[in-house]
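Residue-level structural notes
Each chain is listed here by its residues.
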Amino acid sequence: MQSPELGELEQARVWLTQEGIAVAPRVLAVLAQVPNLESNEPAQAMLADVIAVSLDGCERGELAEVISTFEDCPVALAKVALALLTAAFFPDQKIVPAKFDDSAVLCFSLFVAVAGKPFEALDLIDLAAKERKGERFATNAALLRMHIESKAGSSLPLSVIVPSYKGDDWILDGLDSLAEQSLPWSKYEVIVVVNGPRTRTPELIQEWLSRHPGFPLKVIVTEKAGAAYARNIGLDAAQGEYVVFMDDDDRAGHSMLEALLRHAAPDVVSMVPVGFVTDNWQHPQNDNWCNRSILPLLGRISPWQELRHSGLHVAGKAWFRERALLTRFNEDLRTGEDFVFTLNYVNVAPSALAPVALGRDSSYLWWHRPGSLSVRAADMNDWDKHVQPWLKVIKALAAVKPTSPAAAALQKYMVPKVVDTFLKAYLQRHPEDMQRMVDALTERGVKVV
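1. Some thoughts on helix α10 (residues 201-210)
For an α-helix the count is 3.6 residues per turn, leaving residues at separations of three or four pointing the same way. Taken residue by residue, α10 has Thr 201, Pro 202, Leu 204, Ile 205, Trp 208 and Leu 209 as its buried positions. Taken end-on, α10 shows its buried residues confined to a sector of 160 degrees, consistent with a single buried face. Close packing links the buried residues of α10 with β1 (156-164), α9 (171-179), β2 (188-195) and β3 (217-222).

2. Let's talk about the packing of helix α3 (residues 41-59) against helix α5 (residues 75-89)
Here α3 crosses α5 at 80 degrees, and the two axes come no closer than 10 Å. Put simply, α3 runs roughly perpendicular to α5. In this structure, α3 uses Gln 44, Leu 47, Ala 48 and Ile 51 to contact α5, whose residues at the interface are Leu 77, Val 80, Ala 81, Leu 84 and Leu 85. Here the contact of α3 with α5 is built from residues that sort into eight nonpolar, one polar and no charged.

3. Regarding the pattern of salt bridges
When the charged atoms of two side chains with opposite charge come close together, those side chains can pair. Tallied over the full model, the rule gives 18 salt bridges. The partner of Lys 218 in a salt bridge is Glu 189, and the shortest N-O contact between them spans 3.4 Å. Highlighted residues: Lys 218 in strand β3 and Glu 189 in strand β2, separated in sequence by 29 residues. Linking Arg 262 and Glu 258 is a salt bridge whose minimum nitrogen-to-oxygen distance equals 2.8 Å. With a gap of four residues between them, Arg 262 and Glu 258 both fall in helix α12 (residues 256-263), about one helical turn apart. The exposure class of Arg 262 is partly exposed, given its relative accessible area of 33%.

4. Observations concerning the sheet that holds strand β10 (residues 364-367)
With mixed pairing, three strands are arranged side by side in an open sheet as β5-β10-β7. Each edge of the sheet is formed by a strand with only one pairing partner; in this case those strands are β5 (251-252) and β7 (274-277). Pairing of β5 with β10, which is carried by two bridges, proceeds in the antiparallel orientation. Paired with Ala 252 across the bridge in β10 is Tyr 364.

5. Let's talk about the pairing of strand β4 (residues 240-245)
Taken across its six residues, β4 has six buried, putting it largely inside the fold. Across five bridges, the pairing between β1 and β4 is parallel. Within β4, the position partnered with Leu 158 by the bridge is Tyr 242.

6. Re the nonpolar core
One finds Leu 178 and Val 190 to be the most contacted residues of the largest nonpolar core, which totals 93 residues. Broken down by element, this core gets its largest block of residues, eleven residues, from helix α18 (residues 405-429). Residue contacts for Leu 178: discarding those within four places in its chain leaves Val 160, Val 162, Tyr 188, Val 190, Phe 215, Met 246, Ala 252 and Leu 257.

7. Regarding the sheet that holds β1
The strand order β3-β2-β1-β4-β8-β6-β9 describes an open sheet built from seven strands, whose pairing is mixed. Only two strands of the sheet have a single neighbouring strand rather than two, namely β3 and β9 (352-355). The mean angle between the axes of side-by-side strands here comes to 25 degrees, regardless of whether they run parallel or antiparallel. Against the sheet, α10 makes contact with β1, β2 and β3, and its axis sits at roughly 170 degrees relative to β3, the strand it touches most.

Reading guide: rules and limits
- Residues numbered from 1 in each chain as written.
- Predicted model: local features only at pLDDT ≥ 70, side-chain atom pairs only at ≥ 80, totals over all residues.
- Heavy atoms only, no water.
- Buried < 20%, exposed > 50% of the residue type's maximum accessible area, 1.4 Å probe, protein only.
- Helix = DSSP H or I, 4+ residues; strand = E, 2+ residues; numbered from the N terminus.
- Arc of directions from axis to C-beta.
- Contact = heavy atoms within 4.5 Å.
- Axes fitted to C-alpha atoms, helices over the stretch in contact; angles between N-to-C directions.
- Parallel < 35°, antiparallel > 145°, perpendicular 65-115°, else oblique.
- Nonpolar A, V, L, I, M, F, W, Y, C, P; charged D, E, K, R; others polar.
- Salt bridge = Lys/Arg side-chain N within 4 Å of Asp/Glu carboxyl O.
- Pairing = 2+ DSSP bridges.
- Core = buried A, V, L, I, M, F, W, Y, C linked by side-chain atoms within 4.5 Å.

If you want it as structure tokens, here you go:
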């Protein structure tokens, strides 16, 4: 005797055979109840039938009915549909709209939008429209674009948040790199949060804006200093679906924002490689500790801890703003706030990392300012300046109560990583403080082996 699940699938197949696209929403409702759809072959076969019916509908000029079919389709179901189409057309995982016929590119774009990537879907439609001629496709593309834009709402795809503290000497170079992005200005905004003592930064930015009319830039000025505080202000002001954090003395590679946006999703944080810059912005050092963990994983969705230390900083990544607003930065920390934000972000809801690149010019360019390393090295000899701030970070990390295996795994990785990276450097200089360090860590809930 067939199980109830198989029986329901057979009934759904009968509906689809008899009534076609009109009954497809009912079939999707049945499929949405199937557990572990990713490994259920009968259910996937049924979903493939729904896709076939949808493709036929597009061929007959019934795109409006196809759009209606997937109006309430769950994201998980749309992702499986995308995987089926991708496996059929693009086994190498490289999506090339030119290889689709008109109906397939429209359906594929619709699935991409339903799966939580509306702006990537719009890019696919635009690319296909440039490659094709014919009034019918242009009309259908316009209809689908209108539907996706209405679902995406009025928000921008991307907001770039730049805290600036005494950044007079370098902030404009960073703005130049953002103004020269391959991504059109209409798809992102830049929010500079000038924080701390009054400097000429606001005036310099206004002069810069006069040379870049129309650039989507907001400037917020606050006398309270702190990167965490400034980033939270930027989050509150941002309109983008995703947010990217950038330091005021760093720069963005020409296609960095395009690469991040193309692969961002509510449950996937896209990230780009990092180029270290000491004296020549045109020739960053790409062989560095960040890229040694990033580059081998390009194009793969990976758990956070696989990216090691590279996955913990917030710059050069696209974060889902709705979740980032629930996370926020800990304003009591003056260092390591990146790490605490990352763990809390994963704890709000599970997510993964996707290292991506669009050629060599999509990196995040991280400036190692002259003198900054020597100041940091001097601080490593000071318990109050170096150890105490990192003990606060460790306490904040250890205090998180994981809500998922992903968060638990990341916390298990992060706490000893911070100890090894930042506190052992002090102990190497001051071995006489070993017991003091053990006591301090134990007091903060960290078991020392």
